[in-house]
Amino acid sequence: MCAAEPAQVSSSFCRQNAVCLSHSAAEPVDTSGFVSLPEFRQDGIKMQIERAVNIQDLAVKAKRRLPKVIWDFMEGGAEDELTLRWNRQAFERVRFRQRVVTGNGRRDLSITLFGQQLSAPYIIAPTGLNGIYWPDADLILSRVAAAAGVGFVLSTASNNSIEEVARTSSGPRFFQMYPWGERSLSARLMERAANEGYSALIITVDSLIPGNRERDTRNHFAHSLRITPRTLWDGLTHPSWLMSTWLSRGMPRFENISEFLPERSSAYALAAYTRTQRNPFYSWADIAWVRLNWHGPLLIKGVLTAEDTRLAFENGADGVVVSNHGGRALDGAPATLDVLEEIVEAARHQTVLVDSGFRRGSDIVKALALGATGVLLGRAALFGLAAGGEAGIKRTLDILREETDRVMGLIGVRTTADIGRDHVEVANTSIPSAIGDMARHCTEDAGLPTL
Ligand SMILES: Cc1cc2nc3c(=O)[nH]c(=O)nc-3n(C[C@H](O)[C@H](O)[C@H](O)COP(=O)(O)O)c2cc1C
C-alpha cells in the first residue's frame, strides 16, 4: 500500500466553532526540551544522564525527578500488576544459543518495515499525556527518533498535535488511533495524519474498556489533578519537575482533538470529551471501515491470540502489534513474549511487532529470534524522557543500540535478518532473578482516557 496517499475522508463534520489547525508551513518549533532551564542546569542534566548505564538507571532518575502521582501514572499496571511483572519475567525463560567464531565483526541493526528502512529494530511506542513529564515531549521524542533514524508512533492522546510533530520530525513516523465512537472523529484524524505524511496507522484495541489502575485511583489522578495536601507536598518536593514542567505549562491538553471543541477548551474538557468517545461496541466491521478509509499500512495493536491475528488480517490489517498495553489494561493477560510465536505462526510471514516489558537489547534480540519484525518501546523511552528530556531519550536510544549490537555480536549474527529461531531456546520454568523487579509497579486513572 502506498503510505503517502491521503485518506478518503471528508472533513465536512469539522465543527463550525472548531479551530481547524493550519497545515501550512509554520515557524520552526523550539523542541530543545530545556525551554526554561538555564544552561548550567542543562549541562547538569546531561552529565547525570550520561552516567546512566542501563534503562533501569534512567528509571531511577525519572522516579527521583517526578512527583509520585506522575511516576505512578507512567509506571503503573492494572490491578495486582501480574501482567506487568510477567512481561519482564518472560524474558528469563528465553536463553541464547550463541554461535561463535562466525567472523561477523560488524553489525547492521536496521530493519525494513513496509518498505521503509529503520536504523534499529525498535520504534518508540505511542504513549499519551507525555507532556506531564517534560514540556513538548512529543516533539522531543519525534525529533530525537528522527535524528537516530528510529521510528516514532504518535498517540492520539499526544500533547503536541499531529501537525506540530510533522513540522518537527522528518523521520519515519506512524499515527496511533483509539477506536473511538464517532466515525467522523476517526475520519478526521486519519485525514490529518495522511495529509501530514504519517506512513502507517495503528489502531489500539486492547483497552476499549479502561484498565483498572488502582495507583491512579488512590492518587486521585484523573486528567485534572485534585490538589490535596499530599499532592501539593508531592509537587513541592520535586522542584525540578515543578519548575520546568508544571509551572511552565500546567496540565497539558490533548491537542489532536482540540478542534472538536470550542476554542481554548481546558485540558479537563478535552479529556472529558475523549471519555465520551470510548466505544466498547467496536467490532471487526469497524476495522474493515478503517481499512477502506486509510490507504497506508494498517496495524492492529493489542492482539494476543492466533484467532485475533487471523481476524485482523482477514479484515484488512497489514500487521499486528502483540501488546498487553504494558500491563495497563487486562491484568492476567499473558506476557507478550509468551504468545509471540503463536502469533507469528498465525501471521504467516506478515508484519508482527511486539511490545510490553522491553528494557534491554537482549530482550529485543530475543523477540526477533522468536519471529517479531520489530519492537515498540513504551516506558523505556518514557524513563529517558522523564529523567532528562532530550538528553534522556537520546541516552535510551544509545543504550539500546549498544546493547542490541553487543548481543548480536555475541550470538554471532551480522544483520537483524540473520537472527533466527536457532539462536534461542525457551525454558518451561522461570529462573527467579532480579529482572522481574525492573518493571515492578503501579496503576491507572479513574477518569483518564485509556492510555
Ligand atoms: C504512560 C503510558 C501511556 C500510554 N499511552 C498509550 C496510548 O496513548 N496509546 C497506545 O496505543 N498505547 C499507549 N500505551 C501503551 C504503549 O504503547 C505500549 O503498548 C506499552 O507501554 C508497552 O509496554 P512497556 O511500557 O512495558 O514497554 C501507554 C503506555 C504508557 C506506559
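This structure is a prediction, so every number in the text was calculated from the model and none was measured.

Take the overall build of the protein chain next. Assigned secondary structure in the protein chain consists of 16 helices and 12 strands. Of all 451 residues assigned to the protein chain, the portion counted as buried reaches 54%. Within the protein chain, contacts between residues at least 6 apart in sequence are counted, and of these 77% link residues at least 24 apart.

Taking the UniProt record as the reference, the feature "active site" (unreviewed entry) is found at H325. Looking at where H325 falls in the secondary structure, it is placed in the loop between β9 (319–322) and α14 (336–347). Classification of H325 by C-beta neighbours within 10 Å gives buried; the count is 25. When residues no more than four places from it in sequence are discounted, the contact partners of H325 are D206, S207, G211 and G302.

Let's shift gears to the pairing of strand β7 (residues 201–204). Burial along β7 is two-sided: L201 and I203 facing one way and I202 and T204 facing the other are all buried. Pairing of strand β6 (residues 173–177) with β7, which is carried by three bridges, proceeds in the parallel orientation. The partner of M177 across the bridge, within β7, is I203. For the segment spanning β6, helix α7 (residues 183–195) and β7, crossover handedness is right-handed. The sheet contact formed by β7 and strand β8 (residues 298–303) spans four bridges and is parallel. Bridged to I202 within β8 is L299.

Not every positive phi belongs to a glycine, and R348 is a case in point at roughly 45 degrees. Along the chain, R348 falls in the loop between α14 and β10 (351–354). Taking the C-beta count within 10 Å as the criterion, R348 has 9 such neighbours and is therefore assigned exposed. Phi at H349 is positive, roughly 70 degrees, even though this residue is not glycine. When you line up the elements, H349 lands in the loop between α14 and β10. The class for H349 is exposed, based on 9 C-beta atoms found within 10 Å.

This paragraph deals with the sheet that holds strand β4 (residues 122–124). Spatially, β4-β5-β6-β7-β8-β9-β10-β11 is the arrangement adopted by the eight strands of the closed barrel, whose pairing is parallel. Each adjacent strand pair in this sheet contributes to an overall mean axis angle of 30 degrees, direction not counted.

Our focus in this paragraph is the pairing of β8. For β8, the tally of buried residues reaches six of six residues, placing the bulk of the element in the interior. Note: β8 against β9, four bridges, orientation parallel. Residue pairing across strands places L299 opposite G319, the latter belonging to β9. You can see the chain leave β8, run along helix α13 (residues 306–314) and come back into β9, and the turn it takes is right-handed.

Below, the discussion takes up helix α4 (residues 82–92). Across the 11 residues of α4, nine count as buried, placing the element largely inside the fold. Buried within α4 are the following residues: T83, L84, R85, W86, N87, R88, Q89, A90 and F91.

For the α-helix, the turn length of 3.6 residues means that residues three or four positions removed from each other point alike. Helix length check: helix α5 (residues 137–148) (12 residues) gives 17 Å between terminal C-alpha atoms against 16 Å at 1.5 Å per residue, within 8%. Within α5, nine of the 12 residues are buried, which leaves it mostly tucked inside the rest of the structure. For α5, the full list of buried residues reads A137, D138, L139, I140, L141, S142, R143, V144 and A145. Residues of α5 that are buried in the fold lie against β4, β5 (151–154), α6 (162–168), β6 and α16 (379–411). Of the residues flanking the end of α5, it is G149, one or two places downstream, whose phi is positive at about 75 degrees.

Between helix α2 (residues 55–65) and α16, the shortest axis-to-axis distance is 10 Å and the interhelical angle comes to 165 degrees. The pairing of α2 with α16 is recorded here as roughly antiparallel in orientation. Along this stretch, α2 crosses α16, giving a crossing that reads as right-handed. Residue-level contacts link I55, L58, A59, K61, A62 and R65 of α2 to A380, F383, G384, A386, A387, G388, G392, R395, T396 and I399 of α16. Here the contact of α2 with α16 is composed, by residue class, of nine nonpolar, four polar and three charged.

This brings us to the confidence of the model for the protein chain. Detailed reading of the predicted coordinates is not advisable wherever pLDDT falls low. Summarising the model, the protein chain shows a mean pLDDT of 87, and 86% of its residues fall at 70 or more. Averaged pLDDT values over the elements of the protein chain bottom out at 84 in helix α1 (residues 39–50) and peak at 99 in strand β11 (residues 374–377). Note on residues 1–35: pLDDT is under 50 here. Beyond four places in sequence and across chains, it has 72 contacts. In this model residues 439–449 is a low-confidence stretch, pLDDT under 50, and it forms 51 contacts with partners more than four residues away in sequence or in other chains.

Definitions and cut-offs
- Residues numbered from 1 in each chain as written.
- Predicted model: local features only at pLDDT ≥ 70, side-chain atom pairs only at ≥ 80, totals over all residues.
- Helix = DSSP H or I, 4+ residues; strand = E, 2+ residues; numbered from the N terminus.
- Buried ≥ 20, exposed ≤ 12 C-beta atoms within 10 Å, placed from the backbone.
- Contact = placed C-beta atoms within 7 Å.
- UniProt positions renumbered as here; feature names shortened; annotations may be inferred.
- Pairing = 2+ DSSP bridges.
- Right-handed = clockwise from strand over helix to strand, strands pointing away.
- Axes fitted to C-alpha atoms, helices over the stretch in contact; angles between N-to-C directions.
- Expected span 1.5 Å × (residues − 1).
- Parallel < 35°, antiparallel > 145°, perpendicular 65-115°, else oblique.
- Left-handed = near helix turned anticlockwise from the far one by under 90°.
- Nonpolar A, V, L, I, M, F, W, Y, C, P; charged D, E, K, R; others polar.
- pLDDT = per-residue confidence, 0-100.

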